[in-house]
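# Fold and contact review
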Amino acid sequence: MPRTFVSHDKYRTVGALLQGASGRLLDVGARDRRLAAFLGPGIVYHSADLGPGHDVALDLERPLDLPDRAYDHVVALDVLEHVERAHDAMRELARIASRQLIIALPNLATLRRRVTFLLTGTVGTRKYDLEREHQGDRHRWLTTYAQMNRFVEENGREAGFRLVSLIEELEAPWPGRIGGRAARVGAGLAERGWIAPGGVTGRCIYVLARDEA
Amino acid sequence: VITRTRKYELVGRAVAERGDCVLVDVGARDRVLQRFLPSGSTYLSADVVPGHDLLWNLEQPIEAPDRAYDHVVALDVLEHLEHPHRALRELIRIARRSVFISLPNMSSLSFRLAFFRTGRLSGKYDLLPHHQGDRHRWITRYEDVRAFIEHHARETGCTVRRWDIVTGFGTAQALAERLPLPLPLRTYTMLFELRRDG
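Moving on to helix 1 (residues 10-17) of chain A. An α-helical turn contains 3.6 residues, so a residue and the one three or four places further along point in the same direction. Residue and element names in this part refer to chain A. Of the positions making up helix 1, those classed as buried are K10, Y11, T13, V14 and G15. In this fold, the buried residues of helix 1 make contact with strand 1 (3-6), strand 5 (71-77), strand 6 (97-106), strand 7 (161-170) and strand 8 (201-210). N-capping of helix 1 is provided by D9, with a side-chain oxygen placed 3.2 Å from the backbone N of Y11.

Laid out in structure tokens, this is it:
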């Protein structure tokens, strides 16, 4: 399975993946429908989210009220880590996809975040912290590189999908140009198996295809 | 093991100071707290699974009147809930004298070192191929836990007593326990008593 490193954001990555593709696409957890701007003319874009103002209203904590294989492409970028029933949600997303499922998850155990946690006791975001009052939407799972890879691959397989590509978004261990270079060097070392993978991978984008065999 | 003994013992002693009572142990598991209580006390266990005196789901309102029990105890329970804020208010509501709450300090030096070295905070936060059911849902940082407890104590008119328990699991914690570190790094478990009766 090809594994590539990129230094641009998830929207551009997905846009590049779907270049020249056609069919109906459902963007789950679409928020401001930002992905739409990155897609080509062959794609019919539908946004889905919890609140109003979207083409489809859905709640991933419950079974989805959509038929099997309703969309050619189903995309969920940084969504499953917010869902308590992440496993069931992933199965549901696979069920409504006829060709392709694209999932992005953040890696909270990058070197940068580990150093941040060592120094401050937070992973660099307040999405896991116990505030005075409940902050509403937050991360319900601490997604870390090896565990989330296994989570996607195994749940995808059980739903009839094969992981065909893994795209790793680089996260610089510190800001600026030197940090960016360090991330590239880290990616090179990880690719050669010289250091454990995941240290400079801020986000994984998984491309799963329906296994017709 | 040492931590468990310590927090149960601390609650037992604090309860003994206050004379005979009816105490409910929420999230009681194996009812270990009972062994540490003074002889004049009545112990009731509550949990989300059957086999206890009371079957309570803390994600829902508790079916008990206001001030129903002298002492309400929830040791290492709130971090397992999706709505710990609501649950804490419910526990305070049903207590007549005190609420005892303990929470793990996930920002202790030992957890910081573990996450730095391995990229895994603790098994209780794992995302496994299948949902493991019960798990920790919050990274309970020392400063946040104090602010959380003190905020809700203030809002309900309780006074707060706190114990920082430094004994815990693992060699890193055994080391941290002995070092003159600031409490947010050294503490393994935080225990609070929220007193309703002044």
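Before going further, it helps to examine the interface of chain B and chain A. Contacts between the two partners involve 39 residues from chain B and, on the opposite side, 37 residues from chain A. In terms of surface lost to chain A, no three residues of chain B exceed B:F115, B:L127 and B:P129, which account for 23% of the buried area on that side. For the pair chain B and chain A, the interface holds five salt bridges. B:D144 serves as the salt-bridge partner of A:R126, at 3.4 Å between the closest nitrogen and oxygen. Counting across the interface, chain B meets chain A through 23 residue pairs in polar contact (both at pLDDT 80 or more). Elements with a contribution of two residues or more to the side of chain B that touches chain A: helix 2 (84-93), helix 3 (109-118) and helix 4 (142-156) of chain B.

Quick look at the packing of aromatic side chains now. Tallying each qualifying case throughout the model produces six aromatic pairs over all chains. Considering the side-chain rings of A:F117 and B:F115, the 5.4 Å spacing of their centres and the 75° angle between planes classify their relative orientation as edge-to-face. Here the residue A:F117 occupies a position in helix 3 (residues 111-120), and B:F115 occupies one in helix 3, the pair thus bridging two chains. When sorted by exposure, A:F117 lands in the same class as B:F115, which is buried. A centroid spacing of 5.6 Å and a plane angle of 20° characterise the contact between B:F111 and B:Y188, whose relative ring orientation is stacked. Note that B:F111 is positioned in helix 3 and B:Y188 in the loop between helix 6 (183-186) and strand 7 (189-195), a separation of 77 residues in sequence. An aromatic cluster is built from B:F111, B:F169 and B:Y188, whose rings are joined through pairwise contacts.

Picture the strands of a sheet paired through backbone hydrogen bonds; they go either parallel or antiparallel. Residues and elements named next belong to chain A. Sheet architecture is open: eight strands sit in the order 1-7-8-6-5-2-3-4, paired in mixed fashion. The open sheet has two edge strands with one neighbour each: strand 1 and strand 4 (56-57). Relative to strand 4, strand 3 (residues 43-49) runs parallel, the two being bridged by two bridges. Across the sheet, the residue bridging to A48 is V56, located in strand 4. Relative to strand 6, helix 2 (residues 86-96) is tilted by about 145°, and along the sheet it contacts strand 2 (23-28), strand 5, strand 6, strand 7 and strand 8. In this fold helix 5 (residues 176-191) packs onto strand 1 and strand 7, with an angle of close to 175° to the strand it touches most, strand 1.

Residue and element names in this part refer to chain A. Most of strand 8 sits inside the fold, with 10 of its 10 residues counted as buried. Across seven bridges, the pairing between strand 6 and strand 8 is antiparallel. Opposite I103, over in strand 8, you have Y206 as the bridge partner. By the bridge criterion, nine bridges tie strand 7 to strand 8 in an arrangement that is antiparallel. Directly across from I167, in strand 8, lies its bridge partner I205.

With that settled, consider the packing of helix 2 of chain A against helix 4 (residues 145-158) of chain A. Residues and elements named next belong to chain A. The geometry of helix 2 relative to helix 4 is characterised by a closest axis approach of 9 Å and an angle of 50° between their N-to-C directions. Classified by the angle between their axes, helix 2 and helix 4 sit oblique to one another. Two packed elements cross with a definite hand, and for helix 2 against helix 4 that hand is right-handed. Across the interface between the two elements, A86, H87, M90 and R91 from helix 2 touch F151, V152, N155, G156 and E158 from helix 4. Among the residues making up the contact of helix 2 with helix 4, the classes are represented as four nonpolar, three polar and two charged.

In the contact formed by helix 3 of chain A and helix 3 of chain B, the axes pass within 9 Å of each other and the chain directions differ by 170°. In terms of axis orientation, helix 3 of chain A runs roughly antiparallel to helix 3 of chain B. Crossing angle aside, the handedness with which helix 3 of chain A passes helix 3 of chain B is left-handed. Facing A:R113, A:R114, A:V115, A:F117, A:L118, A:L119 and A:T120 of helix 3 of chain A, the residues of helix 3 of chain B in contact are B:F111, B:R112, B:L113, B:F115, B:F116, B:R117 and B:T118.

Here A:A48 is to be found in strand 3. Excluding its chain neighbours within four sequence positions, the residues that come into contact with A:A48 are A:L26, A:D27, A:V28, A:G29, A:A30, A:H54, A:V56 and A:L58.

Another point: the pattern of salt bridges. Throughout the structure, instances matching the rule amount to 43 salt bridges over all chains. A salt bridge links A:R85 to A:D88; the nearest nitrogen and oxygen atoms lie 3.0 Å apart. Given the relative accessible area of 39%, A:D88 is considered partly exposed. Among the charged side chains, a network of salt bridges with common partners joins B:E17, B:R18, B:R97, B:R161, B:E193, B:R195 and B:D197.

A few words on the sheet that holds strand 2 (residues 41-47) of chain B. All names here are of chain B. Across the sheet, which stays open at both edges, the seven strands sit in the order 3-2-1-4-5-7-6 with mixed pairing between neighbours. The open sheet terminates on both sides in strands that have one partner only, identified here as strand 3 (54-55) and strand 6 (159-165). As paired strands, strand 5 (residues 95-104) and strand 7 are joined by seven bridges and run antiparallel to one another. By the bridge assignment, S102 is partnered in strand 7 with L191. Contacts between helix 2 and the sheet are confined to strand 1 (21-26), strand 4 (69-75), strand 5 and strand 7, with strand 5 contributing the most and set at about 150° to the helix.

What counts, and where the lines are drawn
- Residues numbered from 1 in each chain as written.
- Chains lettered and ligands numbered in written order.
- Predicted model: local features only at pLDDT ≥ 70, side-chain atom pairs only at ≥ 80, totals over all residues.
- Heavy atoms only, no water.
- Buried < 20%, exposed > 50% of the residue type's maximum accessible area, 1.4 Å probe, protein only.
- Helix = DSSP H or I, 4+ residues; strand = E, 2+ residues; numbered from the N terminus.
- Contact = heavy atoms within 4.5 Å.
- Polar contact = N/O pair within 3.5 Å; in protein donor to acceptor, adjacent residues only side chain to side chain.
- Buried area = accessible area lost by both parts, 1.4 Å probe.
- Salt bridge = Lys/Arg side-chain N within 4 Å of Asp/Glu carboxyl O.
- Phe/Tyr/Trp six-rings, centres within 6.5 Å; stacked < 30°, edge-to-face > 60°.
- Pairing = 2+ DSSP bridges.
- Axes fitted to C-alpha atoms, helices over the stretch in contact; angles between N-to-C directions.
- Parallel < 35°, antiparallel > 145°, perpendicular 65-115°, else oblique.
- Left-handed = near helix turned anticlockwise from the far one by under 90°.
- Nonpolar A, V, L, I, M, F, W, Y, C, P; charged D, E, K, R; others polar.

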